[in-house]
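Summary of the model geometry
Here are the chains, one letter per residue:
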Amino acid sequence: AYALNPREPSDEAVAAYRKLIALQPDNASALWVLGQAAQLAGRPDEARDYWQRLLERLPEGEPLRAQVQRVLEGTAPPGGP
C-alpha cells in the first residue's frame, strides 16, 4: 500500500520502495516516493537528490518531468504525480 494519502507514503511503502530502488536504481516510482519520504522526514537534500535523479531519467515531454522540475525549483509542493 502506497498510503491513504499519496502525499504521505506509509512506512511499509517506503520500505518496499527502498528494496525496489536497490534492485532497480532508475525506477521512477521509487525515486519519487523516496524523495517524498525524505522531504517529510526533514531531509530536503536527500529528497532533492532522489528527485534530481528522477528528472534526469524522464524524457522531454513526459508530464511528470514538469512536475518534478517545479518541485525542484520550489514552485510546487511534492504532491503525488
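If you're wondering where the values come from, they're calculated on a predicted model, not measured in any experiment. (Residues numbered from 1 in each chain as written. Predicted model: local features only at pLDDT ≥ 70, side-chain atom pairs only at ≥ 80, totals over all residues. Heavy atoms only, no water.)

**A look at the packing of aromatic side chains**
All told, the structure shown has one aromatic pair when counted by the stated rule. Judged by centre distance (5.9 Å) and plane angle (40 degrees), the ring pair of Trp32 and Trp51 falls under tilted. Linking Trp32 in helix α2 (residues 28–40) with Trp51 in helix α3 (residues 44–57), this pair joins segments that are 19 residues apart in sequence. According to the relative accessible area criterion, Trp32 is buried, its value standing at 2%. (Phe/Tyr/Trp six-rings, centres within 6.5 Å; stacked < 30°, edge-to-face > 60°. Helix = DSSP H or I, 4+ residues; strand = E, 2+ residues; numbered from the N terminus. Buried < 20%, exposed > 50% of the residue type's maximum accessible area, 1.4 Å probe, protein only.)

**Some details on the pattern of salt bridges**
In the structure shown here, the tally under the stated rule is four salt bridges. For Arg57, the salt bridge is made with Asp26, and the minimal N-O distance between the two is 2.5 Å. Pair noted here: Arg57 is in helix α3 and Asp26 is in the loop between α1 (11–23) and α2, with a separation of 31 residues, a long-range link. A relative accessible area of 37% means that Arg57 is categorised as partly exposed. Note that Arg43 and Glu46 form a salt bridge whose closest N and O atoms lie 2.6 Å from each other. Judged by relative accessible area, which is 25%, Glu46 ranks as partly exposed. (Salt bridge = Lys/Arg side-chain N within 4 Å of Asp/Glu carboxyl O.)

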